[in-house]
Amino acid sequence: MVIGFFMILVDTTIVSVATPAIMTGLDTDVNSVIWVTSAYLLAYAVPLLVTGRLGDRVGPKRIYLVGLSVFTLASLWCGLTSSVEGLIVARVLQGFGASMMTPQTMAVITRTFPATRRGPAMALWGATAGVATLVGPILGGVLVDGPGWEWIFFINVPVGIVAFVLALRLVPALPTHAHTFDWVGVALSAVGMFLLVFGIQEGEKYDWGTITGVLSVPLLIVAGLVVLAVFLVWQARIEREPLVPLGLFRDRNFSLANGGITLVSFAVTAFSFPVTLWAQAARGWSPTETGLLLVPMALATGFLAPVVGRLVDRVHPRAITVVGFLFSAVALAWLSRVMSPDSPVWQVLLPLALFGAGSAFLWAPLSATATRNLPLSSAGAGSGVYNTTRQIGAVLGSAAVAALIQARIAANLPGAGGSVEEIRTGTGAMPPEVAARFSDAMAQAVLLPAGAMAVGIVIVLFFARPAFAREGAAPERAAR
């Protein structure tokens, strides 16, 4: 299951390092290319609440296999497209396939392992998520410099086929539970998220003013927030199986873990765009060299994730996650201080390695803490909610950093617009003065995810000790 999960998460970040190559290959600008990621994340996030329930009703194995097929075929379409509009449409389909797969991976773990033994299993799931988001830019750089940017999508085809065969043979068919579907909730959540994300991401393009006629960016953002508020009211009043079972949030740790993972996804998605743009535009590094910057980060996460996994069932989640958020916030603030046109490479690698170490203390502990007390009949709904909040964080991170990047470029390089190509010279490198100002803009953008990680420190301070970890608590009682 985690093979497919790894593949779809790699695709949330793999585009970032390919951004300049896609801009050149499809003759487009930064904002349009960022929509290649945002469209994927939005199509990924919105259906998660339904697909989690669908897995409970039809069976997680069946939904996983259908989603994997959709994702693999959409990946082929992404590589074959010749326009940015076609790529965005293909990415929407790819995101929908991913939304069918993700809740099933978490639900199978929740329903297969008892609560007292779930820590190592969720550690593998969480480590897969953490490593995948970091491996994406590395793999993307190698493929862009090698066969071309199209291969960041073509590579999914053989992996998808292998994952399908293995899942078909090895994943058990679990009992199903009857569920109804709240289609009104689906519509409200989809409309609200689209209005909010579109308003945030396109705001700088329209100078945060009027788009056309009476339609304006502030109006879109406010409308999105209002629709999402109506969605929450609807979920509280619906009598039969709401899309988001608000009762799940009575568990303090479930609520806090959802808030924590939202901030982690926000930060991971938001930091990759300015860093990869700075590395390639201001420093003149190739996509492969840019991807290799993240190797220490991936190694730190991969090395520490198993160690953290062994602690998840024995140590208070507050103690683990505070370390993760603190390391990550310090690392990103440190990184923003060394993003200059002439800083030594080792000065960049050190904060990136620290960020990877921090990630290892976040993904698995947050996922294990969120699912610890879920009843088996709500495994799909709970994992759907958790993964939805994770993806909402990624969507908002992508949209917010896109707006901030454009704003900082406009402030530091007046007249340059939002396109990196507009401030490049004919040799593919920036003049020193331009490179310095562009570096300042990207460094300022990195402070946004740093702030998100700092907020995470406060959230996880309120974690309660899990019942099974309290002295004298019986495993059976903890499972109940």
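All of these numbers come straight from a predicted model, not from anything done at the bench.

## Examining the overall build of the chain
Alright, step 1. When helices and strands are counted, the chain shows 19 helices and two strands.
Alright, step 2. For the chain, the residues scored as buried account for 58% of the 480 residues in total.
Alright, step 3. Long-range pairs, those at least 24 residues apart, make up 84% of the contacts in the chain with a sequence separation of at least 6.
Alright, step 4. Carbon and sulfur atoms make up 67% of the accessible area of the chain, which amounts to about 18,000 Å² in all.

## So, the nonpolar core
Alright, step 1. Within the largest apolar cluster, 131 residues are counted, with the highest numbers of intra-cluster contacts made by Val264, Phe271, Leu335, Leu366, Phe438, Met442 and Met453.
Alright, step 2. When residues in this core are grouped by element, the largest group, 18 residues, is from helix α11 (residues 252-282).
Alright, step 3. Residues contacting Leu335, with those up to four places away along its chain left out, are Phe271, Val275, Val348, Pro351, Leu352 and Val446.

## Some details on helix α5 (residues 84-112)
Alright, step 1. With 29 residues, α5 extends 42 Å from end C-alpha to end C-alpha; this agrees with the ideal 42 Å at 1.5 Å per step.
Alright, step 2. Burial of α5 is extensive: 22 of the 29 residues sit out of reach of the surface.

## Focus on the packing of helix α2 (residues 30-45) against α5
Alright, step 1. Axis separation between α2 and α5 bottoms out at 6 Å; the angle between their running directions is 25°. The angle between α2 and α5 places the two elements in the roughly parallel class. Two packed elements cross with a definite hand, and for α2 against α5 that hand is right-handed. In this structure, α2 uses Ser32, Trp35, Val36, Thr37, Ala39, Tyr40, Ala43 and Tyr44 to contact α5, whose residues at the interface are Val84, Leu87, Ile88, Arg91, Val92, Gln94, Gly95, Phe96, Ala98, Ser99 and Thr102.
Alright, step 2. Classifying every residue of the contact of α2 with α5 gives twelve nonpolar, six polar and one charged.

## So, the packing of aromatic side chains
Alright, step 1. Per the counting criterion, the structure on display carries seven aromatic pairs.
Alright, step 2. Centre to centre, the rings of Phe271 and Phe355 are 4.9 Å apart; their planes meet at 50°, and the pair counts as tilted. Of this pair, Phe271 sits in helix α11 while Phe355 sits in helix α15 (residues 345-360), and the two are 84 residues apart along the sequence.

## Details of the confidence of the model for the chain
Alright, step 1. On average, residues of the chain carry a pLDDT of 83, and 89% of them reach 70 or more.
Alright, step 2. Ranking the helices and strands of the chain by mean pLDDT puts helix α14 (residues 317-338) first, with 96, and helix α19 (residues 475-479) last, with 36.
Alright, step 3. For the stretch residues 417-427, pLDDT sits under 50, and the model shows 25 contacts to residues farther than four places along the chain or on other chains.
Alright, step 4. The low-confidence segment residues 469-480 (pLDDT under 50) makes eight contacts with residues lying over four places distant or belonging to another chain.

## Quick word on α11
Alright, step 1. With 31 residues, α11 should cover 45 Å at 1.5 Å per step; its first-to-last C-alpha distance of 45 Å lies within 8% of that length.
Alright, step 2. With 27 of 31 residues buried, α11 lies mostly within the body of the structure.
Alright, step 3. Where α11 begins, one side-chain oxygen reaches toward the backbone nitrogen of Asn253, 3.2 Å away; that side chain belongs to Asp251.

## Some details on the pattern of salt bridges
Alright, step 1. Taken as a whole, this structure holds two salt bridges when the rule is applied.
Alright, step 2. Note that Asp11 and Arg91 form a salt bridge whose closest N and O atoms lie 3.4 Å from each other. Of this pair, Asp11 sits in helix α1 (residues 2-26) while Arg91 sits in helix α5, and the two are 80 residues apart along the sequence. In this pair, the class of Asp11 matches that of Arg91, namely buried.
Alright, step 3. The shortest N-O distance in the salt bridge between Glu433 and Arg437 comes to 3.0 Å. Linking Glu433 with Arg437, this pair stays in helix α18 (residues 432-460), spanning four residues, or about one helical turn.

## Some thoughts on the environment of Ala282
Alright, step 1. Mapped onto the elements, Ala282 comes out in helix α11.
Alright, step 2. The class for Ala282 is buried, based on a relative accessible area of 12%.
Alright, step 3. Spatially, the C-alpha atom of Ala282 lies 7.5 Å from that of Ala436, the residues being 154 residues apart in sequence.
Alright, step 4. Setting aside residues up to four positions removed in sequence, Ala282 forms contacts with Leu277, Met430, Ala435, Phe438 and Ser439.

## Quick word on the packing of α14 against α18
Alright, step 1. Contact pair α14 / α18: the axes reach a minimum separation of 8 Å and the direction vectors enclose 165°. As summarised for this structure, α14 and α18 are arranged roughly antiparallel, according to the angle between their axes. Seen from above, α14 lies across α18 with left-handed handedness. For the pair α14 and α18, the contacting residues are Arg318, Thr321, Val322, Phe325, Leu326, Ser328, Ala329, Leu332, Ala333, Leu335 and Ser336 in the first and Ala443, Val446, Leu447, Pro449, Ala450, Met453, Ala454, Gly456, Ile457 and Val460 in the second.
Alright, step 2. The residue makeup of the contact of α14 with α18, split by class, is 16 nonpolar, four polar and one charged.

## Points about unusual backbone geometry
Trans peptide bonds make up the majority, and among non-glycine residues the majority have a negative phi.
Alright, step 1. Positioned with a positive phi, Asp27 is a non-glycine residue whose angle comes to about 55°.
Alright, step 2. On the basis of relative accessibility, which here comes to 72%, the residue Asp27 falls in the exposed class.

## Points about the environment of Ala21
Alright, step 1. Checked against the element boundaries, Ala21 lands in helix α1.
Alright, step 2. You can call Ala21 partly exposed: its relative accessible area is 23%.
Alright, step 3. Sequence-wise, Ala21 and Gly148 are 127 residues apart; in three dimensions their C-alpha atoms are separated by 8.3 Å.

## A short note on the side chain of Thr321
Alright, step 1. Examined against the element boundaries, Thr321 turns out to sit in helix α14.
Alright, step 2. Classification of Thr321 by relative accessible area gives buried; the value is 0%.
Alright, step 3. Excluding its chain neighbours within four sequence positions, the residues that come into contact with Thr321 are Phe361, Leu362, Pro365, Leu366, Val460 and Phe463.

## Structural notes on a nonpolar patch on the surface
Alright, step 1. A cluster of nonpolar side chains, Ile3, Val159, Val162, Leu166 and Leu170, forms an exposed patch at the surface whose accessible area comes to about 410 Å².
Alright, step 2. It is helix α8 (residues 156-170) that contributes the most residues to the nonpolar patch, four residues altogether.
Alright, step 3. Its place among the elements puts Leu166 in helix α8.

## Some words on the environment of Leu41
Alright, step 1. Structurally, the position occupied by Leu41 is in helix α2.
Alright, step 2. Expressed as a C-alpha distance, the spacing of Leu41 and Gly95, which sit 54 residues apart in the sequence, is 6.4 Å.
Alright, step 3. Ignoring sequence-local partners within four residues, the contact set of Leu41 consists of Thr12, Thr269, Gln391, Ala394, Val395 and Ser398.

Parameters at a glance
- Residues numbered from 1 in each chain as written.
- Predicted model: local features only at pLDDT ≥ 70, side-chain atom pairs only at ≥ 80, totals over all residues.
- Heavy atoms only, no water.
- Helix = DSSP H or I, 4+ residues; strand = E, 2+ residues; numbered from the N terminus.
- Buried < 20%, exposed > 50% of the residue type's maximum accessible area, 1.4 Å probe, protein only.
- Contact = heavy atoms within 4.5 Å.
- Areas by Shrake-Rupley, 256 points an atom, 1.4 Å probe, with all protein chains shown as cover.
- Core = buried A, V, L, I, M, F, W, Y, C linked by side-chain atoms within 4.5 Å.
- Expected span 1.5 Å × (residues − 1).
- Axes fitted to C-alpha atoms, helices over the stretch in contact; angles between N-to-C directions.
- Parallel < 35°, antiparallel > 145°, perpendicular 65-115°, else oblique.
- Left-handed = near helix turned anticlockwise from the far one by under 90°.
- Nonpolar A, V, L, I, M, F, W, Y, C, P; charged D, E, K, R; others polar.
- Phe/Tyr/Trp six-rings, centres within 6.5 Å; stacked < 30°, edge-to-face > 60°.
- pLDDT = per-residue confidence, 0-100.
- Polar contact = N/O pair within 3.5 Å; in protein donor to acceptor, adjacent residues only side chain to side chain.
- Salt bridge = Lys/Arg side-chain N within 4 Å of Asp/Glu carboxyl O.
- Patch = residues over 30% accessible without salt bridge, like charges linked within 9 Å, V, L, I, M, F, W, Y side chains within 5 Å.

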